[in-house]
Amino acid sequence: MADTQLAGKVQEMLNEEKWTRATLQNYSVNSLKELDALIEEAEANAALDEIAAMCEEHLGHTKNSVIALYVAGIVALRKQPADESYLAQLMDLFNEGKRSNIVEYICQRILDYGENKIALARLAECYEGDDKAEQRYAIWERLVKIDYEEADIVKLVAERKDKLGQREEAIDFYKKALLRYINKGLPTNVREIWLKLVDYCPEDIDYFLHVQKKIASLISPDKAAMLLMDLYGNYKAKKDWNTALDILKIVIDYDDKNPAMRKELIECYSGKYAGHSRLADYLKLSNISQSYRSLHEAMDDFEKHIVFDEGNFVFHRTWNIGRIASLKTEKGEDKVIIDFAKSRGHEMSLKMAIDSLMPLSKDHIWVLKAIWPNKKLKDKVKAEPAWALRTIIKSFDNKADLKRVKAELVPAVLTSSEWNSWSAKAKEILKTDASFGNAANDIATFIVRDRPLSFEEKVYIQFKAEKNYFDRVTYFRDYIETNDFDSDYFTEMPSYFQSFLKSYQAVDEHVIASFLLLKELAAKYPRLQQGATATFADLFGQIENPLAVYLAIKDSDLRNAYIQHIKNFIPGWADIYIRLLPYARSMKMLDTLKAAGHSDKLKKMGMDIVENYKDYREAFIWLVKDLRDEPWFAELGIVYEKILLTLLHILDITFKEIDNHKDTAENRKVNRLVQNILFKENVLETFLLETNIETTERVYALLMDIKEVDPAIKLNIKHKISEKYPNLRFFGEEEKLTVSRGLIVTAEKYEEKSKLLQSIMEVDVPQNQKEIAFALSLGDLRENAEYKAAKEKQDELNAKVGKLKNELEKAQIFDKSTVTTSKISFGTKVNLLNELTNAKETYTILGPWESDPMQDVISYLSPLGKKLFNHKVGESLSFAIHDRKFQYRIESIEAAKL
């Protein structure tokens, strides 16, 4: 049917409905199905928008038209974001007319386009009555998966699951209901479900501790403390004293004035340390039962003392690991006798022991390194990386990063090369093993979980701990892959991104990225669609600098979405692309511009990059490396020599700016790119050997002017040129080849310095870190001599490390094959006649690291070395150093034995 006929038919139906005053009773499900057929026909004829507009216009004067509401409503559902308002109005009309079968049909039609809160809620109403309970609850389960605020229905579903004996599923729904009641601030409902969960799954301690924080924050700390005491009672009854104490300490943090807490603490401590020889003494000494004593101070005092008992291990800064042999009281003073490896039977007062010893558990990594044979520990660590990680993390208050793990294992247990392969396995374990998690506020710090986490919980914790916006995007995407959208862990994630769209002062990369990410989510999972607050065009119109936003978006998918949305929704997109392209360097953008016939714009952009290469360094590299075969680039007519000269100039600029500490990271990156092209890919050498002698001389002269380029590279190219052009003279090259921003060194000395740095980093620094950690544990840094000494040593080590790293960074290893005896240079041995004394003198010319005047080895940078450098056999030299006169004749030059 032609468009005009179809439009005429719809208009005729609307008029007939109006003139006959058709009532709701005139309509049936079949009537709506006929309208569906009409809509499909309109879609086939590309007439949907036309008939929708016609129906919307009709509703302007006939607001209860069933035909207009249905047709306009179904068409509106097909758009993004979907709009179900017309169909909701229609359902209200049929609901009032008691036509539940038609309401049910409309609900199902809405759900054909994805899960929808309004449709599911109305559909559940259609299934009222005991005979339809199963259908109603099934719909409710779907509803609460997309309505994150609904709590009462979640509770009803949980109670039904419970009644049917589906305990695990019931617990999941009770947990959802609990979190939603907390968010609504309803303490009575919260307590009811909390008690149910304490009864059903008290072992899920991490969940309860997570939830109690929300209760304290959103309701009140007092309510959180009260609920925790219900949980505490469960663990106390089971005599799980460690967990009971953990809960009790949180309660005390909320309310440390409650006298009942003292009795509970004494009971828990008595249970936990029932076999301790000095339990009663330490309880009395701490004054926990006395109301005048601060509860926190009393707990701290007790826990400092209770760790000292026969058989326990301790660490002393000087004597290292020891074991408590016995405790005794002598003349009213408590004494501790400790067996250290180098001081057995060492006696000290308990007070001194508390101040100077660090208590260690028997499975602390330091203890294991002290008492296990090294081979046994090494074999265990290599065979069971998860055990090693668990041991080390638990050794340091259940918090450690990979730097700490490495410090404990290398070199004491593993070599550096063994660490490389072992750490790869360790990283995978930390990422995938559910018994490991991340610290709440530091994504790089790992903890050991008493209860393994689900993957969803693990990603959620990582998401919460991460501070960087775009790293959170990564974790959010990881979570989406689980498809567990009904979890309350998930609810908090999109809320984080929605917050940027609800309360922005200016549109920045976070606002744009949040819009694109949530749109991406809705496109994949329509039921998760959020109400749009603005369009991309609205947001883009508020951006001050589109390029700055592009560069600040650190997620490649979101960057691509950003440039795609510019193409789809922003007029003048091609000009915006041209401004972005030198920085984006996106082949997708380039292909889009070419396909749209914008070659002229690309040529103009290319010429702008070439003429302003200092400002477009990476863009120039991209242009000449990846786009030289583009037809539009060829039309620019840029000769190859100019390209190479420009690359050399960029190399020179970046070297200078690196030395001046200007944009160091960016300049290093560009510098590496240029060096790879010119030297590693042999582009410069190939060109110089294929071009004419005049061009070779000109380009090579520019290379020689860049003093920071490795002399070995220059010498290699010079030798290749000399082979082709034997008569070519390299004026001034001798001086230039010796000058470098760093030191020329032998490979042997470089390796020696590298090993020294490695030893400091892997042995001295970790040992110093232990000393600092121990010193910190002693408290009061003002009078802490151990801390001051350890910090002074740290400063000394840092200075050594800094100096060595700087020297190694500047060092350029000398290539023995490049030794030349035509003049005095690095790696030569020179025989001189001292014309003042008529004595013969011999010197080997090396660098500052190899210099040994007692063995007649001098540095080419020393005063004498500088005077001799670059001179040839037969020359006579006369000079003064520090007012002392020297007069030599060069007798011979030979290659030194290196």
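Source: prediction; values computed, not measured.

Draft legend 1. Molecular detail of the sheet that holds strand E13 (residues 876-881). If you walk across this open sheet you meet the five strands as E12-E11-E10-E14-E13, and the pairing is mixed. Each end of this open sheet is capped by a strand with a single partner; those strands are strand E12 (857-859) and E13. Neighbour to neighbour, the strand axes of the sheet diverge by 45° on average, direction disregarded. Of the strand pairs in this sheet, strand E10 (residues 828-834) and strand E11 (residues 839-846) are connected by seven bridges, and their pairing is antiparallel.

Draft legend 2. Expanded view of the packing of aromatic side chains. Counting across every chain of the model gives 38 aromatic pairs. With a centroid separation of 6.4 Å and 35° between ring planes, the pair formed by Tyr269 and Tyr273 is classed as tilted. Classification of Tyr269 as buried rests on a relative accessible area of 0%. Centroid distance Phe826 to Tyr860: 5.7 Å. Interplanar angle 75°. Geometry classified as edge-to-face. One end of the pair, Phe826, is in the loop between strand E9 (812-813) and E10; the other, Tyr860, is in the loop between E12 and helix H44 (863-868), with 34 residues separating them in the sequence. By relative accessible area, which is 4% here, Phe826 ends up buried. Among the aromatic side chains, those forming a connected cluster through ring pairs are Phe463, Tyr469, Phe470, Phe476, Tyr496, Phe497 and Phe500.

Draft legend 3. Structural view of helix H22 (residues 402-409). The complete set of buried residues in H22 reads Arg404, Val405, Ala407, Glu408 and Leu409. Measuring from the side-chain oxygen of the N-cap residue of H22 to the backbone nitrogen of Lys403 gives 3.2 Å; that N-cap residue is Asp401.

Draft legend 4. Quick peek at the pairing of strand E3 (residues 333-340). In the sheet, strand E2 (residues 320-330) pairs with E3 via eight bridges, with the strands oriented antiparallel. Considered in E3, the bridge of Leu327 is made with Val336. From the end of E2 to the start of E3, which pair antiparallel, there are two residues, and Lys331 there has a positive phi angle of about 55°. Here E3 folds back onto strand E4 (residues 346-349), and the loop between the two strands holds five residues, one of which, Gly345, carries a positive phi near 70°.

Draft legend 5. Up close: the side chain of Lys335. Mapped onto the secondary structure, Lys335 falls in strand E3. Since its relative accessible area comes to 16%, Lys335 is described here as buried. In contact with Lys335, other than residues within four places in its own chain, are Ser326, Leu327, Lys328, Glu330, Glu347, Met348, Ser349 and Leu350.

Draft legend 6. Summary view of the packing of helix H4 (residues 66-77) against helix H6 (residues 100-111). Taken N-terminus to C-terminus, the directions of H4 and H6 make an angle of 25°; their axes are 10 Å apart at the nearest point. Between H4 and H6, the crossing angle belongs to the class labelled roughly parallel. Listed contacts from H6 to Tyr70, Ile74 and Leu77 of H4 are Tyr105, Ile106, Arg109 and Ile110. Within the contact of H4 with H6, the residues separate by chemical class into six nonpolar, no polar and one charged.

Definitions and cut-offs
- Residues numbered from 1 in each chain as written.
- Predicted model: local features only at pLDDT ≥ 70, side-chain atom pairs only at ≥ 80, totals over all residues.
- Heavy atoms only, no water.
- Pairing = 2+ DSSP bridges.
- Helix = DSSP H or I, 4+ residues; strand = E, 2+ residues; numbered from the N terminus.
- Axes fitted to C-alpha atoms, helices over the stretch in contact; angles between N-to-C directions.
- Phe/Tyr/Trp six-rings, centres within 6.5 Å; stacked < 30°, edge-to-face > 60°.
- Buried < 20%, exposed > 50% of the residue type's maximum accessible area, 1.4 Å probe, protein only.
- Polar contact = N/O pair within 3.5 Å; in protein donor to acceptor, adjacent residues only side chain to side chain.
- Contact = heavy atoms within 4.5 Å.
- Parallel < 35°, antiparallel > 145°, perpendicular 65-115°, else oblique.
- Nonpolar A, V, L, I, M, F, W, Y, C, P; charged D, E, K, R; others polar.

These figures come from the coordinates and say nothing about function on their own.
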